[in-house]
Amino acid sequence: MSPSSSSSAASAPSSAVPEGLPTWLKPRLGRASELAEVQRIIKQRQIHTICEEGRCPNRGECYANRTATFLLMGPVCTRSCGFCQVDKGHAPMPIDPEEPRKVAESVALLGLRYVVLTSVARDDLPDGGVNVFAQTIAAIRSQSPGTEIEVLTPDFWGGQPDPQAKQRSRVEAVAALRPACYNHNLETVERLQGPVRRGAKYYRSLDVLRWVKELDPTIPTKSGLMLGHGETEAEILQALQDLRSVNCDRLTLGQYLRPSLDHLPVQKYWTPAEFDRLGVLARELGFTQVRSGPLVRSSYHAGEAD
């Protein structure tokens, strides 16, 4: 199935907006003692969180609430996305066989009720990292059986001779573990996939979400877009319609913040009012959970019901 695309969308602006954040882009700060406690636990075990590796603007708030999103398989990605702060461009770390146990211990020590497991893309691994997800889920369930687990996976495409069949089998292997939610981010609109998501494909990502629903329609699926790369509202709405066409249930919309001068510049800062409007439109399209705001990220308040 190929969801329709919009061919009449306006072109991206030719230059970026001036540097300097608008007043509404001020991250919430957590108490220093709570920040230190979470950082101590993860550093002692030499594990990683996307909160730190991706410099999430909400990490102070989330740490204060004793939550974190764990980054599996090391901090080095085999892709080279133009927006992402995660380390790239050199050999990824060897898989740590003790990582599932270390993550499970951290979850138990922090008393987390809802955990998000994500990972870098590991196109170098024969299974794309599926086994690490499976082992980590099993370890958490063993130590903290009351904890719900959401997964935020890469597309599991490794450039194999029959990539789609292998990709689907990997996605289904994770979905078969029945996570509380299966998240895979579209990140941006169709027109901007090339410069923003190097190595990823728009319809390949839609396939990930579609396959999860075909395997088990009861698993909630989620996706997200980072706005500010030059997309138009019409393109955003087309992307949301494409997500709904594969029965995606949940949505996050947030503002792209340039991590460094080596990353793509911000083309536009969308206002809180514009995010509110997009959130209303998303609910009208049928998304059952919508998080839409400048500082929203994939795991923001993930375990909270609307």
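Please refer to the structure higher up on the page.
In this report, the structure presented in the accompanying data block is examined. (Residues numbered from 1 in each chain as written. Predicted model: local features only at pLDDT ≥ 70, side-chain atom pairs only at ≥ 80, totals over all residues. Heavy atoms only, no water.)

Right, let's talk about the pattern of salt bridges for a bit. On inspection of all chains with the given rule, the structure shows 15 salt bridges. Taking the shortest distance from any N to any O, the salt bridge between glutamate 150 and lysine 222 comes out at 2.9 Å. With glutamate 150 in strand β6 (residues 148–152) and lysine 222 in strand β8 (residues 221–227), this residue pair connects regions lying 72 residues apart in the sequence. Lysine 222 carries the same exposure label as glutamate 150, and that label is buried. Close ionic contact of arginine 204 with aspartate 155 constitutes a salt bridge, the shortest N to O distance being 3.6 Å. (Salt bridge = Lys/Arg side-chain N within 4 Å of Asp/Glu carboxyl O. Helix = DSSP H or I, 4+ residues; strand = E, 2+ residues; numbered from the N terminus. Buried < 20%, exposed > 50% of the residue type's maximum accessible area, 1.4 Å probe, protein only.)

What follows is about the side chain of arginine 122. Residue placement: arginine 122 occurs in the loop between β5 (114–119) and α5 (130–143). Looking at arginine 122, the relative accessible area reads 3%, which means it is buried. Within the local environment of arginine 122, its side chain forms a polar contact with the side chain of aspartate 124, the two groups lying 2.9 Å apart. Look past the residues within four positions of arginine 122 in its chain and what remains in contact with it is Met73, Val76, Thr78, Pro92, Met93, Ile95 and Gly128. (Polar contact = N/O pair within 3.5 Å; in protein donor to acceptor, adjacent residues only side chain to side chain. Contact = heavy atoms within 4.5 Å.)

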